[in-house]
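Below are the chains, spelled out letter by letter.
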There are 2 protein chains.
Amino acid sequence: MNFSSKLIEEAVNAFATLPGIGKKTALRLVLHLLNQPLEQSEQFAEAIVRARRDIRACRRCHNLSDTELCGICQDNRRDGRLVCVVESIRDVMAIEDTGQYRGLYHVLGGVIAPLEGIGPADLEIDSLVHRVEAEGIQEIIMAISPTIEGETTIFYVSKQLKPTGVRLSTIARGVSFGGELEYADELTLGRSIVARIPYQTQGD
Amino acid sequence: MNFSSKLIEEAVNAFATLPGIGKKTALRLVLHLLNQPLEQSEQFAEAIVRARRDIRACRRCHNLSDTELCGICQDNRRDGRLVCVVESIRDVMAIEDTGQYRGLYHVLGGVIAPLEGIGPADLEIDSLVHRVEAEGIQEIIMAISPTIEGETTIFYVSKQLKPTGVRLSTIARGVSFGGELEYADELTLGRSIVARIPYQTQGD
């Protein structure tokens, strides 16, 4: 790409470092900003720097937070005896969006993936065991993706937690609500038959 | 979306104001920046603000520029008697990328589009006429998109330029190189037959 302006080139290159944004898209974004008031670019720039500088990991659950303890950990209407273990903050947000969960979280920061050089020591597993011992947690829900790495992680974490005697569960797996059976993959469908649940008629 | 951090929410909202970027993509971009060194976010922020603050329109051709006259207008190896009229800076970049053109440019800033409230006075048409009169330009190449608005604009500009006596041309239109005839649209194919060009065998 041939830029007549060094400043445009720099701004385009900055956007193009972001994942999934190529030079053409970057140029479109920069030209958009050039057509907006200067304040908008300034606010945009400030929001990015402030987020990068001031966001930290929650001391307890390792969720991203503006304060030492995140809003979820600070909320004393939530059930502190129940902790949901997830890979990343994105999973926290997805579960929060359901509005179905009122316990706390623990963000591992990934899953065990030897091929990518991620071992148990790189994840927040020790701190989870410590929390279970220190906080009187009664149940740990493993909400980890059902991939090979995810299953490995669940297995490893369950072994670490065994001595604490905490109750361990995983999120239910099966055919999606609204999904058509014929389009479900074989593994999911097969397991959903093996792990079938008793049907309760209304009023039971 | 349920954000546990106000700062993340602000950064996500900032990205989500950009065209074609929704909240989910914005979150992905913000989480990416959070994993990079602080300097990268600072450089990113600075590049945006500096571009917005310091980029101006070239005094002569209205291309975006870091200086009063853009790099193309300043380059005295280019042919100042030839001016290519385009809609936007993106077209300048596309033509520069071909490496086939050594004249100057004139950026109109859009095309005449009454439905969007863009009239001739909103475009750099008067300044083009002035340039033709003042700079001894011999040929104007209209490199405008072959849409209804584009054709209207070419017609209007040609009428404005008529008194100056400058030679006027449009870029050639026809079937793309490497394109298959059966996939060309009817209008393009039809016109490419009407406007056929004599075939020259090698060595003629």
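Quantities reported herein were computed from a predicted structural model and do not represent experimental measurements.

Caption draft 1: How the structure looks around the relation of the copies chain B and chain A. For the match of chain B to chain A, the screw axis carries a shift of 0.0 Å, the RMSD comes to 0.1 Å, and the turn is 180 degrees. Such a turn and shift between the copies fits a two-fold axis. Taking C-alpha positions as reference, the residue of chain B nearest the rotation axis is Ala45 of chain B, located at 2.1 Å. Most of the interface of chain B is mirrored in chain A: 100% of its interface residues are interface residues there too.

Caption draft 2: Looking closely at the nonpolar core. Core analysis: the largest hydrophobic core is formed by 48 residues, its most contacted members being Ile8, Phe15 and Phe44 of chain A together with Ile8, Phe15 and Phe44 of chain B. Of all the secondary structure elements, the ones that give two or more residues to this core are helix H1 (6-16), helix H2 (23-34), helix H3 (38-54) and helix H5 (89-98) of chain A together with helix H1 (6-16), helix H2 (23-34), helix H3 (38-54) and helix H5 (89-98) of chain B. The residues contacting Phe15 of chain A, other than those within four sequence positions of it, are Ile21, Ala26, Leu29, Val30, Leu33 and Phe44 of chain A together with Phe15, Leu18, Phe44 and Ile48 of chain B.

Caption draft 3: Quick peek at the pairing of strand S4 (residues 103-107) of chain A. Of all 5 residues that make up S4 of chain A, 5 are buried, and the element is covered over most of its length. Viewed along the sheet, the connection from strand S3 (residues 79-86) of chain A through H5 of chain A into S4 of chain A turns out right-handed.

Caption draft 4: Main features of the domain arrangement of chain A. Assigned domains within chain A: domain 1 (6-54) and domain 2 (76-198). Distance between the C-alpha centres of domain 1 of chain A and domain 2 of chain A: 36 Å.

Caption draft 5: Structural context of the packing of H3 of chain A against H1 of chain B. Running from amino to carboxyl end, H3 of chain A crosses H1 of chain B at an angle of 145 degrees, the nearest separation of the two axes being 9 Å. The two elements H3 of chain A and H1 of chain B meet at a crossing, and its hand is left-handed. Of the residues in H1 of chain B, those in contact with Phe44, Ala47, Ile48, Arg50, Ala51 and Asp54 of chain A of H3 of chain A are Leu7, Glu10, Ala11, Ala14 and Phe15 of chain B. Along the lines of polarity and charge, the residues of the contact of H3 of chain A with H1 of chain B split into 8 nonpolar, no polar and 3 charged.

Caption draft 6: Representation of the pattern of salt bridges. All names here are of chain A. Enumeration according to the criterion identifies 22 salt bridges over all chains in this entry. For Arg50, the salt bridge goes to Glu46, with nearest N and O atoms at 3.1 Å. Remark: Glu46 and Arg50 occur in helix H3; sequence separation between them is 4 residues, near one turn of the helix. The exposure class of Arg50 is partly exposed, given its relative accessible area of 26%. Among the residues examined, Glu46 registers a relative accessible area of 46% and is labelled partly exposed. One salt bridge connects Asp79 with Arg81, and the closest N-O pair in it is separated by 3.1 Å.

Caption draft 7: Examining the confidence of the model for chain A more closely. Across chain A, pLDDT averages 89, with 98% of residues at or above 70. Summarising per-element confidence for chain A, the mean pLDDT is lowest in helix H8 (residues 186-194) of chain A (79) and highest in S4 of chain A (95).

Caption draft 8: Broad picture of the side chain of Ser5 of chain A. Note that Ser5 of chain A resides in the segment before H1. From its side chain, Ser5 of chain A meets the backbone nitrogen of Leu7 of chain A in a polar contact 3.3 Å long. When residues no more than four places from it in sequence are discounted, the contact partners of Ser5 of chain A are Ile55, Leu64, Ser65 and Asp66 of chain B.

Caption draft 9: Focus on the interface of chain B and chain A. Taken together, the contact pairs 51 residues of chain B with 51 residues of chain A. Between chain B and chain A, roughly 4,800 Å² of surface is buried when both sides are summed, and carbon and sulfur atoms account for 72% of that area. Its largest share of buried area at the contact with chain A, chain B owes to Leu7, Arg52 and Met93 of chain B, together 14% of the area lost on that side. Put simply, Arg50 of chain B and Glu10 of chain A hold a salt bridge, and the shortest N to O gap is 2.5 Å. Applying the counting criterion to the chain B and chain A interface returns 10 residue pairs in polar contact (both at pLDDT 80 or more). Mapped by element, the contributors of at least two residues to the side of chain B that touches chain A are H1, H2, H3, strand S2 (64-65), helix H4 (71-74) and H5 of chain B. Considering each element in turn, the side of chain B that touches chain A owes the most residues, 14 residues, to H3 of chain B.

Caption draft 10: Structural context of the sheet that holds strand S5 (residues 139-142) of chain A. All names here are of chain A. Ordered in space as S4-S3-S5-S6, the 4 strands form an open sheet in which the pairing is parallel. With one partner strand each, in any of the chains shown, S4 and strand S6 (167-170) form the two edges of the open sheet. Pairwise comparison of adjacent strand axes, ignoring direction, gives a mean angle of 25 degrees for this sheet. Here 4 bridges tie S5 to S6, and the two strands are oriented parallel to one another.

Conventions and cut-offs
- Residues numbered from 1 in each chain as written.
- Chains lettered and ligands numbered in written order.
- Predicted model: local features only at pLDDT ≥ 70, side-chain atom pairs only at ≥ 80, totals over all residues.
- Heavy atoms only, no water.
- Least-squares fit on C-alpha atoms with pLDDT ≥ 70 in both.
- Contact = heavy atoms within 4.5 Å.
- Core = buried A, V, L, I, M, F, W, Y, C linked by side-chain atoms within 4.5 Å.
- Buried < 20%, exposed > 50% of the residue type's maximum accessible area, 1.4 Å probe, protein only.
- Helix = DSSP H or I, 4+ residues; strand = E, 2+ residues; numbered from the N terminus.
- Right-handed = clockwise from strand over helix to strand, strands pointing away.
- Domains from an automatic or database assignment.
- Axes fitted to C-alpha atoms, helices over the stretch in contact; angles between N-to-C directions.
- Left-handed = near helix turned anticlockwise from the far one by under 90°.
- Nonpolar A, V, L, I, M, F, W, Y, C, P; charged D, E, K, R; others polar.
- Salt bridge = Lys/Arg side-chain N within 4 Å of Asp/Glu carboxyl O.
- pLDDT = per-residue confidence, 0-100.
- Polar contact = N/O pair within 3.5 Å; in protein donor to acceptor, adjacent residues only side chain to side chain.
- Buried area = accessible area lost by both parts, 1.4 Å probe.
- Pairing = 2+ DSSP bridges.

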